[in-house]
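Architecture at a glance
Next come the chains, spelled out residue by residue.
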Amino acid sequence: MSEQPLTTTPPKNTGRVRFLVLGLVFINIIINYMDRTNLSVAATEMAGDLQFSPLQMGLIFSAFGWIYAALQIPGGFVIDRFGSRIVYGVGLFIWSLITALHAIANSFGALIGLRLGVGAFEAPVMPSNNRVISSWFPEEERASAIGIYSSAQFVGLACMTPLLFHIQSLYGWRGLFLITGVAGMIWAVVWYCLYREPLEHKGVSQAELDHIREGGAILESRQEKAKQTFSWRDLALMFRSRKLIGIYFGQFTISATFWFFLTWFPTYLVQYRNMDFIKSGYVASVPYLAAFFGVLLAGFVSDRLIKRGVSASFARKAPVILGMALTLFILGANYTNNPTLIILFMSIAFFGNGLATITWVFVTALAPRHLIGLAGGVFNFTGALSSIVVPIAIGALIDGNNFAPALAFIAVLAGLGICSYLFVVGRIDLDSPLKN
């Protein structure tokens, strides 16, 4: 089927409410990843305080992913059924409350249980983000919007990591969890009060509604959502396409790099590269900033290519493949003891991971319009599997003070991801038959 590139020029004076909504999602993501990375900051002190082995810490890191992955598909359906305002608001409040409860944990079992709780209520986050963007942004602005909200996870990590290190140095790892948990609960109330769907938002103009509707955004009323019911046929449809299966596997490999940085990276710097604890908080922010610029660059360049008539297949896939190729630079850290070179190699690798993070655009390009939430759930389920596999695998691969096998493992997965996008996903067609 032939592919028609999008060349529509956005009309003037279409309104800016959608960008305010994007700002809310941006802050959501910062809160979300603050509550994921606080464990990696606390890990060294926590492990020493509670006498945990590297394998036990790997299991605690991965516990989040066990239930997070398992609930991705149900979470996607819940988003389609109830909408982002309720699901996001309730989930954010409860996972933040559970984060605060980490402050009273005293055992391996308690921490496993609490991480399971955080994973359960964070499960709808990424499908919800995708649903919000699919509802508020036309196709030709979508990669940029995805790039902006995806960049929040990296800028949040870059800016929050030094702050989290300082909070822990002042109040200990228990105080760290308490403070981050309370901050999330406050923001959950703000989100619920401010967010509305396009057809329910009092501030959105008719010109803006027309602009996003004509650009392919999903506009549904509350009554239309209420009619949606779960169907095994819909779920089976998510696995009928080789292209969808290709992006599912690709997301696993891309997420693997991300989960290394989100879990083991601070420990790698402090324990295996002997960097000062507070200094490592600032040093760790450098690769996060690199990833931030990578994801923004990918989103804006991809949309610019689309508007200039370049095929969607090239415009969307090129940043992903290039990004995974740059991720292979992580291997360079195995061949040097120079701290500057270590951070340089890590920064190039995470910059590449940022470039590749616009992959959510493939969900909206390939999935049926009425099943965006479900498709996002399946897509994020496969990515979330890496949050289970990677922390445990790294914990098992560490041999004494030798971290090299763990970094080689990340590089191998990145190489497999490149192969998936080249040979399994192939050409991307915006008029995919699945969307009909």
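First things first, this report covers the structure right here in the doc. (Residues numbered from 1 in each chain as written. Predicted model: local features only at pLDDT ≥ 70, side-chain atom pairs only at ≥ 80, totals over all residues. Heavy atoms only, no water.)

**Structural notes on the overall build of the chain**
Scanning the chain from terminus to terminus reveals 18 helices and zero strands. Taken across its 436 residues, the chain has 61% of its residues classed as buried. Long-range pairs, those at least 24 residues apart, make up 84% of the contacts in the chain with a sequence separation of at least 6. (Helix = DSSP H or I, 4+ residues; strand = E, 2+ residues; numbered from the N terminus. Buried < 20%, exposed > 50% of the residue type's maximum accessible area, 1.4 Å probe, protein only. Contact = heavy atoms within 4.5 Å.)

**Comments concerning the packing of helix α3 (residues 72–82) against helix α4 (residues 84–101)**
Geometry of a packed helix pair, given as the angle between the helix axes and the separation of the axes. Orientation of α3 relative to α4, taken along the N-to-C sense of each, is 130 degrees, at an axis distance of 7 Å. One finds that α3 runs oblique with respect to α4. Contacts between α3 and α4 pair V78, I79 and F82 from the former with S84, I86 and V87 from the latter. Within the contact of α3 with α4, the residues separate by chemical class into five nonpolar, one polar and no charged. (Axes fitted to C-alpha atoms, helices over the stretch in contact; angles between N-to-C directions. Parallel < 35°, antiparallel > 145°, perpendicular 65-115°, else oblique. Nonpolar A, V, L, I, M, F, W, Y, C, P; charged D, E, K, R; others polar.)

**As for the pattern of salt bridges**
In a structure, side chains of opposite charge can pair up when their charged atoms sit close to one another. Across all of its chains, the model carries four salt bridges by this definition. Residue E141 pairs with R18 through a salt bridge whose shortest N-O separation is 3.0 Å. Taken together, the residues E141 in helix α7 (residues 139–194) and R18 in helix α1 (residues 17–50) connect sequence positions 123 residues apart. On the basis of relative accessible area, R18 is assigned to the buried category, the value being 2%. Where salt bridges share partners, they join R18, E141 and E208 into one cluster. (Salt bridge = Lys/Arg side-chain N within 4 Å of Asp/Glu carboxyl O.)

**Considerations on unusual backbone geometry**
A positive phi angle, near 60 degrees, is found at Q51, a position not held by glycine. Assignment of secondary structure puts Q51 in the loop between α1 and α2 (54–70). With a relative accessible area of 63%, Q51 lands in the exposed category.

**Here we look at the environment of G75**
Here G75 shows up in helix α3. Put simply, G75 and A123 are 48 residues apart on the chain and 6.2 Å apart in space, counted from C-alpha to C-alpha.

**Looking at the nonpolar core**
Counting residues in each nonpolar core, the largest one holds 130 residues, and the members touching the most others are F260, F265, Y268, M346 and F403. Broken down by element, this core gets its largest block of residues, 19 residues, from α7. Those residues in contact with M346, other than ones at most four positions away along the chain, are F260, F261, F265, Y268, P287, I330, A333 and L407. (Core = buried A, V, L, I, M, F, W, Y, C linked by side-chain atoms within 4.5 Å.)

**Describing empty space enclosed by the protein**
By the definition in use, this model includes four cavities of 30 Å³ or more. Looking at the largest cavity, its volume works out to about 230 Å³. Lining the largest cavity are 19 residues, with Y33, Q153, Q251, S255 and F258 positioned closest to its centre. Taken together, the elements giving at least two residues each to the lining of the largest cavity come down to α1, α7, α11 (242–263) and α17 (372–397). When residues of the lining of the largest cavity are assigned to their parent elements, the largest contribution, five residues, is made by α11. Across the lining of the largest cavity, the residue classes tally to nine nonpolar, nine polar and one charged. Each pocket or cavity is described by its volume, and for the second largest cavity that value is around 50 Å³. What lines the second largest cavity is simply R36, L39, F61, F64, R115, W259, L262 and T263. (1 Å grid on protein atoms, 1.4 Å probe; cavity = no way out; pocket = protein on both sides within 12 Å on 5 of 7 lines; lining within 4 Å. Points joined across faces, edges and corners; volume = space filled by probe spheres on them.)

**What to know about a nonpolar patch on the surface**
Taken together, the side chains of F93, L97, L101, I104 and V189 define a hydrophobic patch exposed on the protein surface, amounting to about 440 Å² of accessible area. In terms of residue count, α4 provides more of the nonpolar patch than any other element does, three residues in total. Structurally, L97 is set in helix α4. (Patch = residues over 30% accessible without salt bridge, like charges linked within 9 Å, V, L, I, M, F, W, Y side chains within 5 Å. Areas by Shrake-Rupley, 256 points an atom, 1.4 Å probe, with all protein chains shown as cover.)

**Some remarks on the environment of F137**
Looking at the element boundaries, F137 is found in the loop between α6 (125–136) and α7. Residues F137 and I212 lie 75 residues apart in sequence; the distance between their C-alpha atoms is 5.6 Å.

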